[in-house]
Amino acid sequence: QQGYCSRGDKCNFKHPPEAEAAPAAEPVTSVLSAQDIIAQQKAAAVVAAAKQRKGLGLSPSPSPTAVPTSPDVTHHASPQKGHPGKGRPQRGAGMATSASNDSIALGKTDPLAGKQYTSFEQVQGQIYQLCKDQHGCRFLQKKLEEREPRVTEAIFEEVYDHTAELMVDPFGNYLCQKLLEHCNDEQRLMIIDKVNPDLVRISKNMHGTRAVQKMIEFLTTPEQIALIKKALANSVVPLIQDLNGNHVVQRCLNKLGPSDNQFIYDSVSQK
């Protein structure tokens with residue numbers, strides 16, 4: 001028994017004093033400045049207005065796919081019967097096998113699987129599926145390189161609801177990188193806002209880290225930078241310690257200015 005005893009000083013046993021209430025923990029200093037908060041609010045307003053105007057993100061996207069949490073997400077061939085241990089694709093055959101698997105996942109009757117594409121109109125309406133196909137992804141990247149706003153807008157609208165998924169896809173991440181490079185500031189801001197809740201997990205993915213680094217490389221406005229800082233601020237140290245995530249922090253240090261990188265310095269110093 002500790003603390004109070006009915007026998008008081010006559011008791012032969014020593015009673016430790018009652019534990020004093022622990023002092024209140026000091027509040028953790030925010031690593032984001034007031035300017036960051038204002039920029040985030042402006043970004044939210046711009047994104048909301050853009051969604052309303054474009055009609056994007058106003059209803060749940062059909063059959064959403066969760067972002068994989070494993071950092072080694074890859075598409076491997078299924079082991080063939082009669083050949084135990086030969087399920088892993090041979091060197092040089094991985095990309096073709098992955099494209100084949102994607103075609104199967106989309107359905108054997110998919111008219112776009114393995115086809116050669118001659119015009120953008122041929123693939124409109126099926127761009128999301130095409131992003132996961134080796135040849136389709138390359139075709140879309142070439143169309144983005146033509147810098148035609150109409151084409152860029154069409155690709156953006158069809159992949160917008162799936163960007164978090166595509167950024168960790170073996171083929172889709174390349175399309176996302178090219179889209180981030182060629183889209184306009186408003187579209188880029190919307191993409192950053194869309195993937196913001198998943199940005200740390202994407203950064204730790206072997207494919208996603210490349211897409212996030214490309215995203216940081218093409219940041220152009222204070223609102224875009226504020227959203228990136230918001231997503232990463234509470235996970236700087238875990239990212240630094242991660243095999244893939246540390247490259248995202250390095251890209252921030254290389255791309256952003258000292259004031260924008262202050263959240264990294266503050267996060268490390270608090271540890």
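Remember, predicted model here, so these are calculated numbers, not experimental data.

Undergrad: Can you walk me through the overall build of the protein chain in this structure?
TA: In terms of helices and strands, the protein chain carries 14 helices and 0 strands. Overall, the protein chain shows an N-to-C arrangement of helices and strands of α-α-α-α-α-α-α-α-α-α-α-α-α-α. Buried positions account for 44% of the 271 residues belonging to the protein chain. In the protein chain, 70% of the contacts between residues at least 6 apart in sequence involve partners at least 24 apart. Summed over all atoms, the accessible surface of the protein chain reaches about 15700 Å², with 51% contributed by carbon and sulfur.

Undergrad: Explain the environment of alanine 233 here, please?
TA: Locating alanine 233 in the fold gives a position in the loop between helix H11 (222-232) and helix H12 (236-240). Note: C-alpha distance between alanine 233 and phenylalanine 263 (30 residues apart in sequence) is 6.2 Å.

Undergrad: Would you mind going over unusual backbone geometry with me for this structure?
TA: Most peptide bonds are trans, and most residues other than glycine sit at a negative phi. Even without glycine at this site, arginine 147 takes up a positive phi of about 55°. Along the chain, the position of arginine 147 falls in the loop between helix H4 (134-145) and helix H5 (149-159).

Undergrad: When you look at the state of the cysteines in this model, what are you seeing that I'm missing?
TA: Defined simply, a disulfide is a covalent bond joining two cysteines at their sulfur atoms. Taken as a whole, this structure holds 0 disulfides when the rule is applied. Free of any disulfide, cysteine 137 has its nearest cysteine sulfur in cysteine 131, 6.3 Å distant. The class of cysteine 137 is buried, set by a relative accessible area of 2%. Residue cysteine 176 stays outside any disulfide, its sulfur separated by 6.9 Å from that of cysteine 131, the closest cysteine. With relative accessibility at 4%, the residue cysteine 176 sits in the buried group.

Undergrad: For this particular structure, what's the right way to read the pattern of salt bridges?
TA: Under the definition given, this model contains 14 salt bridges. When salt bridges that share partners are traced, they join Asp36, Lys229 and Asp260 into one network.

Undergrad: Any chance you could explain helix H8 (residues 185-195) here in plain terms?
TA: Since there are 3.6 residues in each turn of an α-helix, residues three or four apart along the chain are aligned in direction. Among the residues of H8, those classed as buried are Gln187, Arg188, Leu189, Met190, Ile191, Ile192 and Val195. The backbone nitrogen of glutamate 186 has a side-chain oxygen 3.2 Å away, supplied by the residue at the start of H8, namely asparagine 184.

Undergrad: Please explain the packing of helix H1 (residues 34-54) against H8 as it appears in this structure.
TA: When two helices pack together, their arrangement is given by the angle between the helix axes and by the axis-to-axis distance. Orientation of H1 relative to H8, taken along the N-to-C sense of each, is 105°, at an axis distance of 10 Å. Considering the angle they form, H1 stands roughly perpendicular to H8. In this structure, H1 contributes Ala43, Val46, Val47, Ala50, Lys51, Arg53 and Lys54 to the contact, and H8 contributes Glu186, Leu189, Met190 and Asp193. The residue makeup of the contact of H1 with H8, split by class, is 6 nonpolar, no polar and 5 charged.

Undergrad: Would you take a moment to explain helix H7 (residues 172-182) for this structure?
TA: With 9 of 11 residues buried, H7 lies mostly within the body of the structure. The set of residues buried in H7 consists of Gly172, Asn173, Leu175, Cys176, Gln177, Lys178, Leu179, Leu180 and His182. Residues of H7 that are buried make contact with H4, H5, helix H6 (163-166), H8 and helix H10 (208-217).

Undergrad: In this structure, what is going on with the nonpolar core? I would like to understand it.
TA: Inside soluble globular proteins, nonpolar side chains tend to come together where they are buried. With 58 residues, the main nonpolar core has Leu140, Ile155, Met215 and Leu232 as its most contacted residues. Other than its neighbours up to four places away in sequence, isoleucine 155 contacts Phe120, Ile127, Leu140, Leu144 and Leu175.

Undergrad: How should the packing of aromatic side chains be read in this particular structure?
TA: Two descriptors summarise a pair of aromatic rings, namely the distance from one centre to the other and the angle between the planes of the rings. Per the stated rule, a full pass over the model turns up 2 aromatic pairs. With a centroid separation of 5.5 Å and an interplanar angle of 50°, the aromatic rings of tyrosine 117 and phenylalanine 139 are classed as tilted. With tyrosine 117 in the loop between helix H2 (94-106) and helix H3 (127-130) and phenylalanine 139 in helix H4, this pair connects stretches of sequence that are 22 residues apart. Ring geometry for phenylalanine 156 against tyrosine 160: centres 5.5 Å apart, planes inclined by 50°, an arrangement best described as tilted. Judged on exposure class, the residue phenylalanine 156 and its partner tyrosine 160 are both buried.

Rules used in this analysis
- Residues numbered from 1 in each chain as written.
- Predicted model: local features only at pLDDT ≥ 70, side-chain atom pairs only at ≥ 80, totals over all residues.
- Heavy atoms only, no water.
- Helix = DSSP H or I, 4+ residues; strand = E, 2+ residues; numbered from the N terminus.
- Buried < 20%, exposed > 50% of the residue type's maximum accessible area, 1.4 Å probe, protein only.
- Contact = heavy atoms within 4.5 Å.
- Areas by Shrake-Rupley, 256 points an atom, 1.4 Å probe, with all protein chains shown as cover.
- Disulfide = S-S within 2.5 Å.
- Salt bridge = Lys/Arg side-chain N within 4 Å of Asp/Glu carboxyl O.
- Polar contact = N/O pair within 3.5 Å; in protein donor to acceptor, adjacent residues only side chain to side chain.
- Axes fitted to C-alpha atoms, helices over the stretch in contact; angles between N-to-C directions.
- Parallel < 35°, antiparallel > 145°, perpendicular 65-115°, else oblique.
- Nonpolar A, V, L, I, M, F, W, Y, C, P; charged D, E, K, R; others polar.
- Core = buried A, V, L, I, M, F, W, Y, C linked by side-chain atoms within 4.5 Å.
- Phe/Tyr/Trp six-rings, centres within 6.5 Å; stacked < 30°, edge-to-face > 60°.

Interpretation note: all reported values are geometric properties and have no functional meaning in isolation.
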